[in-house]
Amino acid sequence: MTQEIHAEHTLTDHQHGGDDCTHVTVQHGDHVDYIHDGHRHAEHEGHYDEHDDPAEHTPAQHQHGGPDCSHETAQHGDHVDYIHDGHRHAEHEGHYDEH
């Protein structure tokens, strides 16, 4: 079962997708998620829901940043996150952490 977690800001605080929104977007099923501040969320019934999916592959299956990697990147503090398939993750101690 998926737990619904609301984002720390509201639609009134910031409207994603507006002219002044510069957040990275990723297609996530039938909607768009907005990525920023170490999380991603999407609008749902007047609020933003946090979205978190486990990484579907391991570093052994696909090495991000390698010569055959064409995934979009986003600087995240002291490391780089890789964005694809509706999520964003970074390598950490032999696995990918979802961000």
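Residues numbered from 1 in each chain as written. Predicted model: local features only at pLDDT ≥ 70, side-chain atom pairs only at ≥ 80, totals over all residues. Heavy atoms only, no water.

A.B. asks: Which residues make up the sheet that holds strand β8 (residues 95-98), and what values do they have?
C.D. replies: One open sheet holds the 4 strands; their spatial order is β5-β6-β7-β8, and the pairing between them is antiparallel. Each edge of the sheet is formed by a strand with only one pairing partner; in this case those strands are β5 (72-76) and β8. Neighbour-to-neighbour, the strand axes of this sheet turn through a mean angle of 40 degrees, independent of strand direction. Of the strand pairs in this sheet, β5 and strand β6 (residues 79-84) are connected by 5 bridges, and their pairing is antiparallel. Opposite T73, over in β6, you have Y82 as the bridge partner. (Pairing = 2+ DSSP bridges. Helix = DSSP H or I, 4+ residues; strand = E, 2+ residues; numbered from the N terminus. Axes fitted to C-alpha atoms, helices over the stretch in contact; angles between N-to-C directions.)

A.B. asks: Describe the pairing of β8, with residues and values.
C.D. replies: Every second residue of β8 is oriented toward a common face, the buried set being Y96 and E98 and the non-buried set H95 and D97. As defined by bridge partners, strand β7 (residues 87-92) adjoins β8 across 4 bridges and the pair is classed as antiparallel. Opposite H92, over in β8, you have H95 as the bridge partner. (Buried < 20%, exposed > 50% of the residue type's maximum accessible area, 1.4 Å probe, protein only.)

A.B. asks: Requested: an account of the sheet that holds strand β2 (residues 31-36), with residues and values cited.
C.D. replies: The strands making up a sheet are joined through hydrogen bonds of the backbone, oriented either antiparallel or parallel. Taken together, 4 strands build an open sheet; the order of strands is β1-β2-β3-β4 and the sheet is antiparallel. Whereas interior strands pair on both sides, the edge strands pair on one side only; in this sheet they are β1 (24-28) and β4 (47-50). Geometrically, the sheet is characterised by an average inter-axis angle of 40 degrees between neighbouring strands, direction not taken into account. In the sheet, β2 pairs with strand β3 (residues 39-44) via 3 bridges, with the strands oriented antiparallel. Bridge assignment links Y34 to a residue of β3, and that residue is H41.

Interpretation note: all reported values are geometric properties and have no functional meaning in isolation.
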